[in-house]
Every structure is written in C-alpha cells, then in structure tokens.
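Working through the structure, step by step
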Amino acid sequence: AGTGAAPRLWTVTRTAQRVTAEDRPDLGQAGLRGLVRVLSYEHPELRPAVLDIDPRTPLADVAAELSSCSDEQDEVAHRDGTRHLARLRNAPLDEGEHRTRTVDRVRDRVALHLARPGDLDSFEFVAQSRRRPGPGEVEVRVDATSVNFINVLQAMGVYQRFGVGENREDISAFDGAGVVTAVGEGVQGVREGDRVAAMFVDGTRSAVMASFAEVRADCLLPVPDGTSIEDAAALPCAYLTAWYSLRHLARIRPGEKVLIHSASGGTGLAALHLARACGAEVWATAGSEDKRAFLRGLGVEHVMDSRTLDFADQVRELTRGRGVDVVLNSLTGPAQSAGLELLAHRGRFIELGKRDIYANTRLGLLAFRQNVTFAGVDVLMMMRQDPELLAEGYRDLAGMLAGGTLPPLPVTVRPVGEASAAFHTMASARHTGKLVLRWPAEGTDTLPVRPQDVPVVRPDASYLVTGGLGGLGLLVARWLAERGAAAVVLTSRSAPDPAARAALDALTADFGTRVEVVSADLAVPGTADALVRTAEATGHALRGVVHAAAVVEDATVANLTPGLVEKVWRPKATGAWLLHLALDGRELDWWVTFSSAASLLGNPGQGAYAAANAWLDEFTSWRRAQGLPATCVNWGPWAEVGRGTGMAERGYAMIAPAEGVAALERLLAHDRDRTAYTPLDMARWLESYPETARTAFFTALAGPAAGAETGGARNALLDSLRETDCPQRRQDILQPQVVEHLAAVLRLGTDRIDADTSLVSLGLDSLMAIVLRNRLQRELGLEIPTMVMWTHPTASALTRYLLTRLDLDGEQEAGPDGEQDGTRTGERTPVTT
Ligand SMILES: NC(=O)c1ccc[n+]([C@@H]2O[C@H](COP(=O)([O-])OP(=O)(O)OC[C@H]3O[C@@H](n4cnc5c(N)ncnc54)[C@H](OP(=O)(O)O)[C@@H]3O)[C@@H](O)[C@H]2O)c1
C-alpha cells in the first residue's frame, strides 16, 4: 500500500500448516494454502501470499510483515518470534528417515549391522522380523555370538570384493549358540529348548550378526551339559574349518606332522586340538612372543615366528630335511611358497586364506613333484553348496566334544554392544583364542528398521483402498496382492464394471488374496465404519490404508461454486476424516494419502482440487503430531491408468505405473511424512508462468542443476580446501583430518601420531589400511587404492597424495561416483517443502 502498486492479496491463517516439529495444524484452515497457490497462476497481478502465524504472534509483527514483505516471498510463517520462509527443494530419501520399532529382546530379532559399510566404528542395532523356520530348519535364539575372521572381512567390505561374479553383498554368516525356539517341518532329533551352537548363514538378510537365526537342523552342535553358551558360541566355524581341512581334505593320520600357521587364533587352536585328537604331531607358528609362549604352554614343542620366513629353515633343520606332512596355511605371499616347499612326500597343503586365491597368485609347480596336494577351503561356500558334507562334520565333532576329546577354545567375552572394539581387536590380530559377544537376555529398545527390512505388506494382514476401483486404486490393489496381502477391501461409490471385476478376480486367482468391494460413498457417515468392519471380518488385522478416493472437477477460482467445491472436497477431506474416526484404536503400519502435486505447486483451474489436497497434506501432519501413522504423496501425473493420462498429450512428463508403485513402496518403507513425486520439468513449467517463477518458493528447483544439497558435510571440508590455492595451506587443512582417521583406525590419540612417522611403525597393518582407505574414501568422495597406504607411507605423504587426487581447482566437483549430483529438476525425484 502507498507504493502505487496494486494491493497485494494476503491470506492470513493461524497454525494452518506444520512449520515446526511441535505444530499441530488447525485443519479448519488447512486447505487455503492450496487455493492460494492456484490463485498465484490465475491472478498473478494480486501477488497472492500466505502468512501463517502462531497464537503468540503479536499484531505488530503481522502488520510489519504485510506492509514490508517483498513480492518474492509468497509463503511466510511466524513461530515463536521466528520468521520462516517456505522453499521447495529436492529431497531424496535419506537413510536417516527410517522407521523405528520397539523390540523386546526376548521375542524379537535384533541384528547387528554396520551403518557405514567398511567402518568398524559404525555398528548399530536394527530391528528385523523373525522368520518361521522352513522344512528341515530350526530357529535359534542366539544368546552369544563369536567373531570370526570372515565377519571382520565382511564388515570391512573386503569379503564382498572376493569372488568372481558372485554376489556376496548380502550374506549374513556368523557363529552363535543359544536355545532352539522353533522347529520346522520334518525335523527330527531336535526340540524346542535344546541348547545348540551353529554357523548361521543367511543369504537374504544382510546383517553382521543377529539375535534370532535359522539353520539346517542337521548342521548343529548340541551343547554338552557343563559347557557354557559363550564357550559353545566359539566352536562351530573354528572346529568345522579344522574338521574339513584336517579330517576331510588332509585325512591326517596318527604320527603325521602338521604345521599350523597362526595357531593361537580360534581356527588355529581348533586345528591344534583336532590334530592332536587324531594322533598327529603339531608344529606351530604365531605372530608374537606372547602368543608363542601361550602355544608352548599348551605343550606344543616347536613354535616359530609367523612374521618371518625363518620357520622354513627351522622346520627343515629339525626334521633333517624331511619337512611336514600337512601345512594348514593362513600366511600370504612368500610365506605361502615357503610352506609349500616344506611338504614331505605326499604332503597336503591346505589353504585357509582367501587373498592369494582371489588375487589369482601364481604358484610354482615344482613343489608338486613330490605327489603333494593343494586344497582351498571356503567353509561358507561349503555351507551353501554342500551342507550334507558339513553335517557329517557336525556329527563327528559333536561326538568328540561330548566325549571330551576336543576341549573348548579360550574365549574373551564382551557384551554385544562392544562389537566395535571386538572387531578392531580381531582386525589387528591382537587376540588369542576367540572373541565372544554376549546378547542381552531381556529388556526393550526402540531401534531403527532399515527400509529393506520393513515388511510393507504383511501376509497376515488386510488393507483398505478408498477409490479402489479407480485407475490407481486397482493398480495399488494389484501391488498389495503381489506382495502377499491376505485381504484387500476396495471402495468406490459405483460397483465394479466388468473390466474391474475381471481385474479383481485375477488377484484372487493369481495371488490368493481375498478381495472385498464395498460400493458406498465414503463421505456418508457409516461407510467408513462398514469398510473397517469388512476388513476385520476377513479375519486379518487391518494394517494399511490407501486413501485414493477423489472426484476431480476443475474451474478457475472466479468460477468456483459451493457445489463444485463440495463435490471435490467430500471424497478427499470428509472421507479421510470419517475414515480417521472409524479407525480409532486400530494399530496400522501405515496410512498413505494420495494427494496431488497441484496442492504443492499449484495448477491453474484446480483451485478446489488443490485446496482439498492441501487439506490432506496438513491432515497427514496432524495425524503424525498425534503419533498416528500417516504418509502423503503429492503425485505428479501417472501414465496409462487413472485420471491423469490425458496430460501426456499436453506434453507433461508422466509417471510410469511400475515406477510409481515402486516409489510408493520405497516411501512406505521409510519414515517420511510428505513427499511430492513428480517428473515435472520445473524450469519448463515456470517458463509459462514468469511471475510465479520469480517467487523464492520455486527458485531452488528452477535452475538446471538445482537442489544439489546432498553431501553437505563432506563438502564443507572440500569447500575449505577450495578456498585457498596455496598447497601448504591445503596440506594444513587436510593433514589433521587424515591424522584423525588414522588415529581412529589405530585406536591411538591423535597426539601420539607424528605425521612423518611411517604408518607401519605406527602399527598399520593390511586390514587396518583397508579401514583407513574406506574412511578416507567416504570423507573425500574418492576411489582410493589400498596400495596408496604403502606407496605414501606417512600421514603427510598420504595427505599430499590425496590433494593431488582431489579436483580442487576444477570448475565443478564430481560426485563420489564420478557423476554430478543426480537430484535435478526434471528427473523423477521426490520434492518436499
Ligand atoms: N492419476 C493421477 O495422475 C493422479 C495424480 C495426482 C494425484 N492423484 C490422486 O490419486 C488418487 C487416485 O487417482 P485416480 O487417477 O485413480 O482417480 P480415479 O480413477 O478418478 O479414481 C478415483 C476413485 O475414487 C472413487 N470415489 C470418488 N468419490 C468417492 C466417494 N465419495 N466415496 C468412495 N469412492 C469415491 C471413484 O469411484 P466412484 O466415482 O465410483 O465413486 C474412483 O474409483 C486420487 O486421490 C487423485 O487425486 C492421481
């Protein structure tokens, strides 16, 4: 006012939107925002804007806002004296947006998982679902687990890189002991309550370890009376490896000489005991004097150093050149060849290591002139490929353990919460015997559920789809059936036509899903209750609601009539409200509302529709504020099915049905309240609406590479490096970060690390080098070969190397995978305010 410009149209609301986490939107005003968005296209000359205040906002602040707010700001809120400005931005789903579940440690499966693969300091517990044991399987409540080297390799991301074309990503394999909690079909000889130990292998659920797990009933060690669960947890993998290596492959005989490398670890000790039980004579190596003393204490006469090659001459000398009958090898490089050369006539070389095998290391064949045998061992692969053979091992070992022929292994027990320390100890080979982790016997915890572990659709549940006979409703019903829903209840006012009927019958025929149709108006009191009753009458608890009922009728705001608004409003808003009341007290996993991009972005001619959807958007926040499940998706136009198909002809980019359903499933697996999913090319869209394009609300999305907001923390370091072009200054910035990572890996204080001391003399070994590499890769978004730790062997040299790799002076920084950030306008990305 007073500037000569036409007056601006302000809509002032009070807590109509959720702006801060504490807000509970006033639903009476919630639709207005959508209407104003539409007005901004239809009447740009009014520069329509919304001011949403809270009950404490002084009138003076309102007056100041209305009189001085610039035209670029069209959505302003005041909360507790703070001014908030709404912005649209790309918001890809983030790992942090996970669901949570309260678990009872006695009943529920908890898994130990690495939040950041490769980082041994990122262990966290996550909730997973228990699985009924299949035929021939039992389920075990795992009270103690033990750490095997394979777990360390897996956690460090090294194991996953072994392999030729095999996918090793998602294998969970761990040792554990506990009590049988369920017995699958056809299992004999094992009962609930039995104490057992086993190596659990699960190719479907990635986790480092878990508190419940299933296993073949014939691949178990009964835990002898008098053996503790912690001792039992240490046995399976170590003894099974020893059994397969020495009994099955090497077929050791009494009196034979067996050289066991690194004999003080779990597998080494198991091999030592088994070899002795078979009457063989054990020769051993170990990497430190303490460990050698420990082995001598066990009565091993010849104990040598595994860190040098001297053992070869020593063995030759002591055996007067004959050598040994069996070498159980875990050493790499020259030590491997030295061991092979030590074999006597008809000797057997049993390779436990993976590195040389997967590196395809060359081995001279001359050693084989003596009828010797070389055998590789991968017990995990055996477990998957040839479990019958391992079952034989389990039986053999069970007898020896029960009879006292094989002793338990020395264990160090820690609570499972200290997994990180245990893994570091194992990675740096500072332990003797086995490291055992004890799981809590009781208690409850609220834990994250990883999206891939969320059972979005449960096989024992029923689901409700309002607007179920519409284009998207039928599609969603099919998705629910495909995912195994027990029952789906659909509602629309009209009865299914023959095509819809055929589609629904197919759901029962193809997937066994019970389908019920209730033909009634959701906005009429009583319909929602009937729907809930129908769902519950299927005998399956109602666990999810898709609210997709809609009537779409367009008119410009100037032409809106109460009748039209009412028509559009009833299915969307009144229907949602009545359904909310009807569901009072029901425990849903999710409630998803199909809203429209129209309420978020606005769309000329859709004032009533945008208002009804804006109401749904806030209704989602309103439900959540009360702790009720609610998710809202502001969809862009869908291709092939539903109301929006015509928009393809008008040049709109469309959501393909399979893509949309996959997006829906992903959103429901996360814990996101409101998301727009739309392929809209914002820059093109705004070209047609120059006034709208000028508003700050859209600016973040309007540019060609807008919304690139990921990786902010990482970029802070890179930004500070870019701020200078002085090489020394850059070194000064990066080196302390490198030292910090090094200190974390070595478990030393940063003050104990001199940047010019060699990494090896600081204690870095090859596994730690991988951990360090992983940490630096993540921090800097670079691919770094592990070799670099040896070619640039001090913190300062490493820093210099990293600075050469970072493209600090280039125009634009490449993302970690070499691409620019993928969150661009025009791609199908989730958008939120
Ligand atoms: N398709 C898209 O591109 C798109 C884009 C953005 C958002 N959406 C949203 O997604 C949802 C589904 O869209 P669609 O394309 O599948 O629409 P649709 O084909 O028109 O389906 C809407 C369904 O709602 C039913 N319905 C309307 N009023 C009802 C009432 N009072 N009680 C019970 N049922 C009622 C309709 O059946 P009767 O008329 O027989 O009652 C129809 O089965 C809608 O909420 C829509 O706003 C869709």
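Quick caveat: nothing in here was measured; it's all calculated off a predicted structure. (Residues numbered from 1 in each chain as written. Predicted model: local features only at pLDDT ≥ 70, side-chain atom pairs only at ≥ 80, totals over all residues. Heavy atoms only, no water.)

**Description of the overall build of the chain**
Looking only at helices and strands, the chain has 29 helices and 31 strands in total. If one aligns the C-alpha atoms of the chain with their principal axes, the spans along those axes are about 105 × 70 × 50 Å. Relative to its 833 residues, the chain shows a buried fraction of 54%. Looking at the chain alone, contacts between residues at least 24 apart form 73% of all its contacts between residues at least 6 apart. Split by element, the accessible area of the chain, about 35300 Å² in all, is 50% carbon and sulfur. The centroid of the 87 positive side-chain charges in the chain is displaced by 4 Å from the centroid of its 106 negative side-chain charges. (Helix = DSSP H or I, 4+ residues; strand = E, 2+ residues; numbered from the N terminus. Buried < 20%, exposed > 50% of the residue type's maximum accessible area, 1.4 Å probe, protein only. Contact = heavy atoms within 4.5 Å. Areas by Shrake-Rupley, 256 points an atom, 1.4 Å probe, with all protein chains shown as cover. Lys, Arg positive; Asp, Glu negative; His and termini not counted. Charge placed at Lys NZ, Arg CZ, Asp CG, Glu CD.)

**Describing the packing of aromatic side chains**
Following the criterion strictly, the structure yields 15 aromatic pairs and no others. When the centroid spacing of 5.1 Å and the interplanar angle of 15° are considered together, the rings of Phe 349 and Phe 374 count as stacked. Linking Phe 349 in strand 19 (residues 343-351) with Phe 374 in strand 20 (residues 373-376), this pair joins segments that are 25 residues apart in sequence. The class for Phe 374 is partly exposed, based on a relative accessible area of 28%. Among the aromatic side chains, those forming a connected cluster through ring pairs are Trp 569, Trp 577, Trp 591, Trp 615, Phe 619 and Trp 622. Arg 37 extends its terminal NZ or CZ atom over the ring of Phe 697, reaching a point 3.7 Å from the ring centre. Arg 105 extends its terminal NZ or CZ atom over the ring of Phe 125, reaching a point 5.0 Å from the ring centre. (Phe/Tyr/Trp six-rings, centres within 6.5 Å; stacked < 30°, edge-to-face > 60°. Lys NZ or Arg CZ within 6 Å of the ring centre and 35° of its normal.)

**Here we look at the pairing of strand 11 (residues 195-202)**
The element strand 11 is largely enclosed, with a buried count of 6 among its 8 residues. Looking at chain direction, strand 10 (residues 172-183) and strand 11 are connected through 8 bridges and run antiparallel. Across the sheet, residue Gly 178 finds its bridge partner in strand 11, namely Val 196. Direction of pairing for strand 11 relative to strand 14 (residues 221-222): antiparallel, over a ladder of 2 bridges. Bridge pairing in strand 14 places Val 196 opposite Pro 222. (Pairing = 2+ DSSP bridges.)

**Describing the nonpolar core**
Counting 180 residues, the largest nonpolar core has Phe 423, Trp 479, Leu 480, Leu 764 and Leu 802 as the members making the most contacts within it. Not counting chain neighbours up to four residues away, the residues in contact with Phe 423 comprise Leu 120, Phe 123, Val 147, Asn 151, Val 152, Ala 155, Val 208, Met 209 and Leu 437. Formed by 25 residues, the second largest nonpolar core is a distinct cluster that contains Leu 27, Val 532, Val 545 and Leu 616. (Core = buried A, V, L, I, M, F, W, Y, C linked by side-chain atoms within 4.5 Å.)

**As for the site of the ligand**
Contacts to the ligand come from 29 residues, most closely from Ser 494, Asp 521, Lys 572, Tyr 609 and Arg 643. One nitrogen or oxygen atom from the main chain of Leu 472 is found 2.8 Å from an oxygen atom belonging to the ligand. Contact between the ligand and Arg 493: an oxygen atom at 2.8 Å from a main-chain N or O atom of the residue. The element best represented in the shell around the ligand is strand 28 (residues 590-596), accounting for 3 residues. Of the residues in the shell around the ligand, the class split is 14 nonpolar, 11 polar and 4 charged. (Near = heavy atom within 4 Å. Polar contact = N/O pair within 3.5 Å; in protein donor to acceptor, adjacent residues only side chain to side chain. Nonpolar A, V, L, I, M, F, W, Y, C, P; charged D, E, K, R; others polar.)

**Focus: the domain arrangement of the chain**
In terms of domain boundaries, the chain breaks down into domain 1 (10-90), domain 2 (99-235 + 408-449), domain 3 (241-389), domain 4 (456-685) and domain 5 (726-805). Summing the contributions of domain 2 and of domain 3, the shared interface buries around 1700 Å²; its carbon and sulfur component is 71%. If you look at where domain 2 meets domain 3, you find 1 salt bridge. Note that Arg 216 and Glu 388 form a salt bridge whose closest N and O atoms lie 3.3 Å from each other. Of the residues assigned to the side of domain 2 that touches domain 3, the class counts are 12 nonpolar, 5 polar and 5 charged. (Domains from an automatic or database assignment. Buried area = accessible area lost by both parts, 1.4 Å probe. Salt bridge = Lys/Arg side-chain N within 4 Å of Asp/Glu carboxyl O.)

**So, a nonpolar patch on the surface**
A contiguous nonpolar patch, built from Val 760, Met 787 and Trp 790 and spanning about 290 Å² of accessible area, is present on the exposed surface. Structurally, Trp 790 is set in helix 28 (residues 788-791). Trp 790 gets classed as partly exposed once you look at its relative accessible area, which sits at 33%. (Patch = residues over 30% accessible without salt bridge, like charges linked within 9 Å, V, L, I, M, F, W, Y side chains within 5 Å.)

**Description of helix 16 (residues 527-537)**
Within the span of helix 16, buried status applies to Thr 527, Ala 528, Leu 531, Val 532 and Ala 535. Projection of helix 16 onto a plane perpendicular to its axis shows the buried side chains occupying an angular sector of 140°, all on one side. For helix 16, the exposed residues lying more than 90 degrees away from the buried face are Arg 533 and Ala 537. Against the buried residues of helix 16 lie strand 24 (461-466), strand 25 (487-492), strand 26 (514-519), strand 27 (541-547) and helix 17 (562-582). One or two steps after helix 16, the chain reaches Gly 539, where phi turns positive at roughly 90°. (Arc of directions from axis to C-beta.)

**Here's the deal with the environment of Asn 329**
Considering the arrangement of structural elements, one finds Asn 329 in strand 18 (residues 324-329). For the pair Asn 329 and Val 315, spaced 14 residues apart in sequence, the C-alpha to C-alpha distance is 15 Å. If we ignore the near neighbours within four places in the chain, the residues touching Asn 329 are His 261, Gln 336, Phe 349, Ile 350, Glu 351, Leu 352 and Gly 353. Within the local environment of Asn 329, its side chain forms a polar contact with the side chain of Glu 351, the two groups lying 2.8 Å apart.

**Some remarks on the sheet that holds strand 3 (residues 75-79)**
The strand order across the open sheet built from 4 strands is 1-2-3-4, with neighbouring strands paired in mixed fashion. Single-partner strands in this sheet number two, and they are strand 1 (10-14) and strand 4 (82-85). Pairs of neighbouring strands in the sheet enclose a mean axial angle of 20°, with direction left out of account. Across 4 bridges, the pairing between strand 3 and strand 4 is antiparallel. Across the sheet, residue Val 76 finds its bridge partner in strand 4, namely Leu 85. (Axes fitted to C-alpha atoms, helices over the stretch in contact; angles between N-to-C directions.)

**Topic: the sheet that holds strand 8 (residues 123-128)**
A sheet is described by the order of its strands in space; here 3 strands give the open sequence 8-7-12, paired in antiparallel fashion. What marks the edges here is a single partner per strand, and that holds for strand 8 and strand 12 (209-210). Where strand 7 (residues 109-114) lies against strand 8, 6 bridges are found, and the strand directions are antiparallel. When the sheet's bridge partners are listed, Val 110 is paired in strand 8 with Ala 127.

**Focus on unusual backbone geometry**
At Asp 80, a position not held by glycine, the phi torsion is positive, near 55°. Inspection of the secondary structure puts Asp 80 in the loop between strand 3 and strand 4. Assessed through its relative accessible area of 59%, Asp 80 is described here as exposed. At Arg 346, a residue that is not glycine, the phi angle is positive and equals roughly 65°. One can find Arg 346 in strand 19.

**Details of the state of the cysteines**
A covalent bond bridging the sulfur atoms of two cysteines is what the word disulfide describes. Here the structure, examined in full by the defined rule, presents 0 disulfides. Summary of cysteine pairing: Cys 237 is not part of a disulfide, and the nearest cysteine sulfur, belonging to Cys 219, is at 13 Å. (Disulfide = S-S within 2.5 Å.)

**Re the side chain of Thr 15**
Note on placement: Thr 15 falls in the loop between strand 1 and helix 1 (32-42). With sequence-adjacent residues up to four places away left out, Thr 15 is seen in contact with Asp 23, Arg 24, Pro 25, Asp 26, Asp 52, Ile 53, Asp 54, Pro 55 and Arg 79.

**Details of the packing of helix 1 against helix 19 (residues 607-625)**
Direction vectors running N to C along helix 1 and helix 19 enclose 145°, while the axes themselves pass 6 Å from each other. Considering only the axes of helix 1 and helix 19, their crossing is right-handed. Every residue of helix 19 that contacts helix 1 at Gly 34, Leu 35 and Val 38 is listed here: Gly 607, Ala 610, Ala 611 and Ala 614. Grouping the amino acids of the contact of helix 1 with helix 19 by side-chain chemistry returns 5 nonpolar, 2 polar and no charged. (Left-handed = near helix turned anticlockwise from the far one by under 90°.)

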